[in-house]
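An overview of the molecular structure
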Amino acid sequence: MIRVLIADDQVLVRAGVRMLLQANSDMEVVGEADDGAEAVRLAERHLPDVILMDLRMPRVDGLEAIKRVLAARPSTRIVVLTTFAEDANVYAALRAGAVGFLVKDDEPERMIDAIRRAHAGEQLLAPSVLRRVVERFLDAEESSAGAPRGLTEREIEVLALVGTGLSNAEIAEELHVGVTTVKTHIAAAMEKLGLRNRIQAAVVAHRSGLVDASFRPVRQPRGGAPGSPAG
């Protein structure tokens, strides 16, 4: 059962989302919040797996709520609800650790799919959207030389493919391994690098030169990054 918290200051939006989610046997709405402070409080009380978080709320906004929730419980998967996909606050929320976003007029099926994929640790952004997000992040950051230190060769390889926008299933097919194995490598790499979501992982892959400007993986020399263990 996927435990979901809804945070939005519009009563009708919360009611509509609750009705949609309750029609699915694998989802349970554990709470509703009308501002960011209430979202943080309910997240602490109910420990939801996924939070649907509006960004523009009174008193404490969604961006600040995301920061507070993830500081207390980094494993929480937060999906942003927004009216405009190009809202600058969306990028700030992704940088803060949100795993993806939904536009409020998206098809209902997209919201259900996004919640399930967020809960499973899957990529939520289409490759074209991921490209825009990564490019925007990189505009404000300097590139570093070489693959991240401390990762195994396989973790570096998987990180590069995450940077191209491939899903877990697509990475598994590319490397001829199981999806569970891919998830294990991604989780290990993100833990070592202190990353909260695949978007941050993709940014690191690009910033480290594992992926080129055309979103294609760059082959690394055998032996991985300097100081990396083999594996």
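Throughout what follows, the structure given in this document is the object of discussion. Note that this is a predicted model, so its numbers are computed, not measured.

Along strand 2 (residues 27-33), 5 of the 7 residues are buried, which leaves the element largely enclosed by surrounding structure. As judged from the 6 bridges shared by strand 1 (residues 2-7) and strand 2, these two strands associate in the parallel manner. Counterpart to Leu 5 in the pairing with strand 2 is Gly 31. Following the backbone out of strand 1, through helix 1 (residues 11-22) and into the adjacent parallel strand 2, one traces a crossover that is right-handed.

What follows is about unusual backbone geometry. If you check the backbone angles, Arg 59 has positive phi at about 65° while not being a glycine. Along the chain, Arg 59 turns up in the loop between strand 3 (50-54) and helix 3 (62-72). In this structure, Phe 215 is a non-glycine residue whose phi angle is positive, near 65°. Following the sequence through the fold, Phe 215 ends up in the segment after helix 10 (198-207). Classification of Phe 215 as buried rests on a relative accessible area of 10%.

Right, let's talk about the sheet that holds strand 3 for a bit. By way of backbone hydrogen bonds, the strands of a sheet pair with one another, either parallel or antiparallel. Strand order in the open sheet formed by 5 strands is 2-1-3-4-5, with parallel pairing between adjacent strands. Of all the strands in the sheet, the pair left with one neighbour each is strand 2 and strand 5 (100-103). On average, adjacent strands in this sheet sit at an angle of 25° to one another, irrespective of strand direction. Relative to strand 5, strand 4 (residues 77-82) runs parallel, the two sharing 4 bridges. Across the sheet, the residue bridging to Val 79 is Gly 100, located in strand 5.

Close contact between helix 1 and helix 5 (residues 108-120) brings their axes to 11 Å; oriented N to C, the two are set at 70°. The orientation of helix 1 with respect to helix 5, classified from their angle, is roughly perpendicular. Seen from above, helix 1 lies across helix 5 with right-handed handedness. Along the contact surface, helix 1 presents Val 17, Leu 20 and Leu 21, while helix 5 presents Pro 108, Met 111, Ile 112 and Ile 115. For the contact of helix 1 with helix 5, the class distribution of residues is 7 nonpolar, no polar and no charged.

Evaluated as defined, the whole model comprises 14 salt bridges. The salt bridge involving Lys 104 is made with Asp 54; its shortest N-O contact spans 3.4 Å. One end of the pair, Lys 104, is in the loop between strand 5 and helix 5; the other, Asp 54, is in strand 3, and 50 residues separate them in sequence. Between Arg 110 and Asp 106 there is a salt bridge whose closest N-O contact spans 3.1 Å. On the accessibility criterion, Asp 106 (27% relative accessible area) is partly exposed.

Another aspect to go through is the environment of Phe 215. In this structure the C-alpha to C-alpha distance between Phe 215 and Gly 165, which are 50 residues apart in sequence, comes to 8.0 Å. Other than its neighbours up to four places away in sequence, Phe 215 contacts Arg 131, Val 134, Glu 135, Gly 163, Thr 164 and His 206.

Glancing now at the packing of aromatic side chains. Scanning the model with the defined rule gives 0 aromatic pairs in all. Across from the ring centre of Phe 137, 4.3 Å away, lies the NZ or CZ of Arg 95, which sits over that ring.

Next up on the list: the environment of Ile 199. Position of Ile 199 relative to the elements: it lies in helix 10. Overall, the relative accessible area of 1% leaves Ile 199 in the buried class.

With that out of the way, let us pick up the environment of Val 79. By the secondary structure assignment, Val 79 is in strand 4. Each C-alpha atom, one on Val 79 and one on Asp 54, is 8.7 Å from the other, the two residues being 25 residues apart in sequence. The contact partners of Val 79, leaving out residues within four places of it in the chain, are Val 50, Ile 51, Leu 52, Met 53, Val 99, Gly 100, Phe 101, Leu 102, Ala 118 and Leu 124.

The rules behind each value
Residues numbered from 1 in each chain as written. Predicted model: local features only at pLDDT ≥ 70, side-chain atom pairs only at ≥ 80, totals over all residues. Heavy atoms only, no water. Buried < 20%, exposed > 50% of the residue type's maximum accessible area, 1.4 Å probe, protein only. Helix = DSSP H or I, 4+ residues; strand = E, 2+ residues; numbered from the N terminus. Pairing = 2+ DSSP bridges. Right-handed = clockwise from strand over helix to strand, strands pointing away. Axes fitted to C-alpha atoms, helices over the stretch in contact; angles between N-to-C directions. Parallel < 35°, antiparallel > 145°, perpendicular 65-115°, else oblique. Left-handed = near helix turned anticlockwise from the far one by under 90°. Contact = heavy atoms within 4.5 Å. Nonpolar A, V, L, I, M, F, W, Y, C, P; charged D, E, K, R; others polar. Salt bridge = Lys/Arg side-chain N within 4 Å of Asp/Glu carboxyl O. Phe/Tyr/Trp six-rings, centres within 6.5 Å; stacked < 30°, edge-to-face > 60°. Lys NZ or Arg CZ within 6 Å of the ring centre and 35° of its normal.

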